[in-house]
Amino acid sequence: MRYLLSLLIYLPFVAMAAPYPATSSSALTTPEKGLYFLHKGFTLKTEGTDWVPVSNSEQSLLDTVRFSSKESPQNGSLSIRTDKVAKNASLELYTRKWMRDYPNYGFEVISAKNFNLNGSPALVVDMLSRTKNKQIRQVILKNEDRVAIMTCLDDKKNFSKSLQSCNQIMKSFAWSSQQTPSEKSETAQPVQ
């Protein structure tokens, strides 16, 4: 009887666990629930879309995560990248320095406007590629000394369809109050 009771108590925990530690296959950390990126300092939900995280085969110096549609991964994509900045740096100054470079990379800025996203100051920038048949929307958010850059990209003719899923995912972005392990060690005070 004790064995059966122990099994009934223990089984639900095992059923929700990931088969391997530090993997995203646990039912508790699926992208739909939004906890998938908690270790990076934010939450983001894919609920209501068919978009999923995609493994990145390219080596990059930047810590980015990419999403695309399950059904047509070759079409639109959403990438998220985070940066550290000075706490007193404004979002406008941060974005102004690299927005000047967009024309050099072949992009024409269509519009740029400030807004609030889930209580954080944000900037949305819409662009067209002059050399390729691409359209881009970037949403940049700042929270204290962290910046998140979300970039939605697709061909001009498919962009409005991809933008619906991108916007839905981007609207779910929220900074977490939980610090990452590296941030905890940086802010920890030495014992005297």
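Heads up: the structure comes first, above all this text.
Residues numbered from 1 in each chain as written. Predicted model: local features only at pLDDT ≥ 70, side-chain atom pairs only at ≥ 80, totals over all residues. Heavy atoms only, no water.

Asks: Help me understand unusual backbone geometry in this model?
Replies: Glycine aside, a negative phi is what most residues show, and trans is what most peptide bonds show. Look at Asn118: it is not a glycine, yet its phi comes out positive at around 50°. Position of Asn118 among the secondary structure elements: in the loop between strand 5 (107-117) and strand 6 (120-129). Residue class for Asn118 comes out exposed when judged on its relative accessible area of 51%. Non-glycine residue Glu144 carries a positive phi angle of around 55°. Relative to the assigned elements, Glu144 resides in the loop between strand 7 (134-143) and strand 8 (146-155). (Helix = DSSP H or I, 4+ residues; strand = E, 2+ residues; numbered from the N terminus. Buried < 20%, exposed > 50% of the residue type's maximum accessible area, 1.4 Å probe, protein only.)

Asks: Quick question: what am I supposed to make of the pairing of strand 4 (residues 77-84) here?
Replies: Successive residues of a regular strand alternate their side chains across the two faces of the sheet. The sheet contact formed by strand 3 (residues 64-69) and strand 4 spans 5 bridges and is antiparallel. Following the sheet pairing, Val65 is matched in strand 4 by Ile80. Where strand 4 meets strand 8, 8 bridges bridge the pair, whose relative direction is antiparallel. Paired with Ser77 across the two strands is Leu153, which belongs to strand 8. (Pairing = 2+ DSSP bridges.)

Asks: Could you clarify how one ought to interpret the state of the cysteines in this entry?
Replies: The term disulfide refers to a covalent linkage connecting the sulfur atoms of a pair of cysteines. Within this structure, the stated rule accounts for 1 disulfide. Note on cysteine connectivity: Cys152 is disulfide-linked to Cys166, with sulfurs 2.1 Å apart. Around the S-S axis, the bridge from Cys152 to Cys166 shows a dihedral of about 75° and counts as right-handed. Here the residue Cys152 occupies a position in strand 8, and Cys166 occupies one in helix 3 (residues 159-171), the gap between them amounting to 14 residues. (Disulfide = S-S within 2.5 Å.)

Asks: What am I meant to see in the sheet that holds strand 7 here?
Replies: Two strands in a sheet stick together by hydrogen bonds in their backbones, pointing the same way (parallel) or opposite ways (antiparallel). Read from one edge of the open sheet, 7 strands run 2-3-4-8-7-6-5, paired in antiparallel fashion. Strands with a single pairing partner mark the edges of an open sheet, and in this sheet they are strand 2 (51-54) and strand 5. With strand direction ignored, the average angle separating the axes of adjacent strands in the sheet is 20°. Relative to the sheet, helix 2 (residues 91-99) contacts strand 4, strand 5, strand 6, strand 7 and strand 8, its axis offset from that of strand 7 by approximately 150°. Packing against the sheet, helix 3 makes contact with strand 2, strand 4, strand 5, strand 7 and strand 8, and its axis sits at approximately 160° to strand 8. (Axes fitted to C-alpha atoms, helices over the stretch in contact; angles between N-to-C directions. Contact = heavy atoms within 4.5 Å.)

Asks: It is not clear to me how helix 3 should be interpreted in this structure. Could you clarify?
Replies: Turn by turn, an α-helix covers 3.6 residues, leaving residues three or four places apart pointing in a common direction. For helix 3, built from 13 residues, the straight-helix expectation of 18 Å at 1.5 Å per residue is met to within 8% by its first-to-last C-alpha distance of 17 Å. Residues of helix 3 that are buried in the fold lie against strand 2, strand 4, strand 5, strand 7 and strand 8. (Expected span 1.5 Å × (residues − 1).)

Asks: Explain the pairing of strand 3 to me, please; I cannot follow it from the model alone.
Replies: The pairing of strand 2 with strand 3 spans 4 bridges and is classified as antiparallel. Its bridge partner lying in strand 3, Trp51 is registered against Ser69.

Asks: Where do I start with the environment of Ser68 in this structure?
Replies: Note that Ser68 resides in strand 3. On a C-alpha basis, the gap between Ser68 and Pro53 in space is 6.7 Å, while along the polypeptide they are 15 residues apart.

Asks: Please explain the pattern of salt bridges as it appears in this structure.
Replies: Side chains that differ in charge, positive against negative, can pair when their charged atoms come close. In total, this model carries 4 salt bridges according to the counting rule given. We note a salt bridge from Asp145 to Lys84, for which the minimum N-O separation is 3.3 Å. A residue pair is termed long-range when its members are at least 10 positions apart, and Asp145 in the loop between strand 7 and strand 8 and Lys84 in strand 4 qualify at 61 residues. Overall, Asp145 belongs to the partly exposed group, its relative accessible area being 21%. (Salt bridge = Lys/Arg side-chain N within 4 Å of Asp/Glu carboxyl O.)

Asks: Looking at this structure, how should I read helix 2?
Replies: When we look at burial in helix 2, the residues that qualify are Leu91, Tyr94, Thr95, Trp98 and Met99. Down the axis, helix 2 shows its buried residues gathered within 120° of arc, on one side only. Exposed side of helix 2, more than 90 degrees from the buried face: Leu93 and Lys97 are the residues found there. If you follow the buried residues of helix 2, they end up packed against strand 4, strand 5, strand 6, strand 7 and strand 8. (Arc of directions from axis to C-beta.)

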